[in-house]
Amino acid sequence: MLRETRHETLLTILGDEGVLPIGEIAKRLGVSEATARRDLTELGRAGRLTRVYGGAVASPRPDEERPFGEVAVDDLVDKTAVARRAARLVADGDVVLLDIGTTTLQLAKLLRGRPITIVTSNLAIYDELRDDPEVTLILLGGQVRSNYRSVVGFLTESNIRQLHVGRLFLGASGVLPDGSVLDSTHVEVPVKRAMLGSSREVVLLATAGKFPGDTGLARICGPQQINTLITNETSDPATLEVFREAGVEVVTV
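The protein goes by Transcriptional regulator, DeoR family protein in an unreviewed UniProt entry, where it is assigned to Streptomyces bingchenggensis.

**Q** How would you explain the environment of E157 if you had to name every residue and give the values?
**A** Within the secondary structure, E157 is located in helix α8 (residues 154-161). Since its relative accessible area comes to 10%, E157 is described here as buried. Put simply, E157 and G142 are 15 residues apart on the chain and 8.3 Å apart in space, counted from C-alpha to C-alpha.

**Q** I'd love a proper account of the sheet that holds strand β15 (residues 249-252), names of residues and values included.
**A** Judged by pairing direction, the sheet is parallel, and its seven strands sit side by side in the order β6-β5-β4-β9-β12-β14-β15 without closing on themselves. In this open sheet, the two edge strands, each paired with only one partner strand, are β6 (136-139) and β15. Direction aside, neighbouring strands of the sheet carry axes that sit 20 degrees apart on average. As judged from the five bridges shared by strand β9 (residues 165-170) and strand β12 (residues 199-205), these two strands associate in the parallel manner. Within β12, the position partnered with V165 by the bridge is S199.

**Q** I'd like to hear about helix α9 (residues 189-197), residue by residue, with values.
**A** When you tally the buried positions in α9, you get seven out of nine residues, the bulk of the element. Of all the positions in α9, only V189, P190, V191, K192, A194, M195 and L196 are classed as buried.

**Q** Go over the pairing of strand β5 (residues 117-120), please, and point to the residues and values.
**A** On β5, burial covers both faces: T117 and V119 on one face and I118 and T120 on the other are all buried. The sheet contact formed by strand β4 (residues 95-98) and β5 spans four bridges and is parallel. From the neighbouring strand, V96 faces β5, where its bridge partner is I118. As a crossover connection, the stretch from β4 through helix α6 (residues 102-110) into β5 is right-handed.

The rules behind the values
Residues numbered from 1 in each chain as written. Predicted model: local features only at pLDDT ≥ 70, side-chain atom pairs only at ≥ 80, totals over all residues. Heavy atoms only, no water. Helix = DSSP H or I, 4+ residues; strand = E, 2+ residues; numbered from the N terminus. Buried < 20%, exposed > 50% of the residue type's maximum accessible area, 1.4 Å probe, protein only. Pairing = 2+ DSSP bridges. Axes fitted to C-alpha atoms, helices over the stretch in contact; angles between N-to-C directions. Right-handed = clockwise from strand over helix to strand, strands pointing away.

What follows is the structure in structure tokens.
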């Protein structure tokens, strides 16, 4: 396992489970305890985790994550255009899974009054649709992340793995030139990966500002796991071509 991948995996494990001893960390990563200690030292120097007696715990970084309400108004015209096109994919009677994020919130607003089932870990979507008599709304359980209006953790992942939905609308923090889809918060990544595994079709919603971009801590997936990409006409042409070459239907608005 590459060092960067180990670090990503380690932060995800600590974020989900809290404090772990050195021996357990080494076992989970499939490395020696000496290598695990080096990884902890490097991540500790970077401020990504806190060393405690015999082990480590992931360090919270609330100062680096903007509140959901602030992010929601960024590129609102682009987000609304993407969401409007995505809404056309949803038919009455569908069961859809909506990821966290502000573009999926715009999509939820456009789905009000539709006789569909929406499953989500997005608390903003819950607030938007909880009084809608037409929408059957299923809120996943888990640990509440108040700053970004979502639920995460092993309970959320367990809930998702019991589902099999027709379509997932996936959000992202950034998309690399090679088509790698990124997220900026490691505790969200296991939830997103579980969503990928529980959906027959995956639609990535990403505005032009995400292409190409290195905004993101962890890789969610590659273009091979995406069926459809909906983005803006001004998105980076070279990155979009990578998706097309991977067999992804690219829709620009």
